[in-house]
Amino acid sequence: PRYDELPSIPLYSDQVIDALNQYAAPFLPTGEERIITAAMINNYVKQRLITPPVKKRYNREQVARLYCICLLKHVFTISEIRSMMEIQMRSYPFEKAYNYQIIR
């Protein structure tokens, strides 16, 4: 989904998990049913890949970052993803970077 197609209201972790698993379903390896769990989200917060939730709710940017992490973690290490996100934050506003696509 594009950035503006992500939920605009804050979501609880179980809602985030359901949404991300739905968004990522076409990209899941055969036999894998879930791309993210509550424990994974907690670890990403602890590792400072995303900001902590506010009143146990995650906003649109946090959901978008989690979606990116979910897709990238099958190819890159968490350390590499962190580095890419740091470069992205210095280069473009998050919404622009999230929606960026290469046009040939």
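Here's a quick rundown of the structure. (Residues numbered from 1 in each chain as written. Predicted model: local features only at pLDDT ≥ 70, side-chain atom pairs only at ≥ 80, totals over all residues. Heavy atoms only, no water.)

### A closer look at the packing of helix α3 (residues 60–72) against helix α4 (residues 78–91)
Inference 1: Where α3 meets α4, the axes come as close as 11 Å, and the angle between the chain directions of the two elements is 135 degrees. Taken together, the axes of α3 and α4 lie oblique to each other. Of the two possible hands of crossing, α3 and α4 adopt the one that is right-handed. The residues of α4 that touch α3, namely those facing R65, C68, I69 and L72, are I81, M84, M85, Q88 and M89.
Inference 2: When grouped by side-chain class, the residues that make up the contact of α3 with α4 number seven nonpolar, one polar and one charged. (Axes fitted to C-alpha atoms, helices over the stretch in contact; angles between N-to-C directions. Helix = DSSP H or I, 4+ residues; strand = E, 2+ residues; numbered from the N terminus. Parallel < 35°, antiparallel > 145°, perpendicular 65-115°, else oblique. Left-handed = near helix turned anticlockwise from the far one by under 90°. Contact = heavy atoms within 4.5 Å. Nonpolar A, V, L, I, M, F, W, Y, C, P; charged D, E, K, R; others polar.)

### What to know about the side chain of R65
Inference 1: Position of R65 among the secondary structure elements: in helix α3.
Inference 2: Taking the relative accessible area as the measure of exposure, R65 reaches 8% and is therefore buried.
Inference 3: Once residues within four sequence positions are removed from consideration, R65 is found in contact with L49, I50, M85, Q88, M89 and F94. (Buried < 20%, exposed > 50% of the residue type's maximum accessible area, 1.4 Å probe, protein only.)

### Digging into α3
Inference 1: The terminal C-alpha atoms of α3 lie 18 Å apart, and with 13 residues this matches the ideal 18 Å at 1.5 Å per residue to within 8%.
Inference 2: Q62, V63, A64, R65, L66, Y67, I69 and C70 are the residues of α3 that are buried.
Inference 3: Where α3 is buried, its residues touch β1 (11–12), α1 (13–24), α2 (38–46), β2 (57–58), α4 and α5 (94–99).
Inference 4: Between the side-chain oxygen of the N-cap and the backbone nitrogen of E61 there are 3.1 Å, and the N-cap of α3 in question is N59. (Expected span 1.5 Å × (residues − 1). Polar contact = N/O pair within 3.5 Å; in protein donor to acceptor, adjacent residues only side chain to side chain.)

### Here we look at the side chain of Q88
Inference 1: Of note, Q88 is situated in helix α4.
Inference 2: According to the relative accessible area criterion, Q88 is buried, its value standing at 14%.
Inference 3: Setting aside anything within four residues of it in sequence, one finds Q88 in contact with R65, P93, F94 and A97.

### Observations regarding the environment of Y12
Inference 1: One can find Y12 in strand β1.
Inference 2: Dropping the residues within four chain positions of it, Y12 is found in contact with K55, K56, R57 and Y58.
Inference 3: Looking at Y12, its side chain comes within polar contact range of the side chain of R57, at 2.9 Å.

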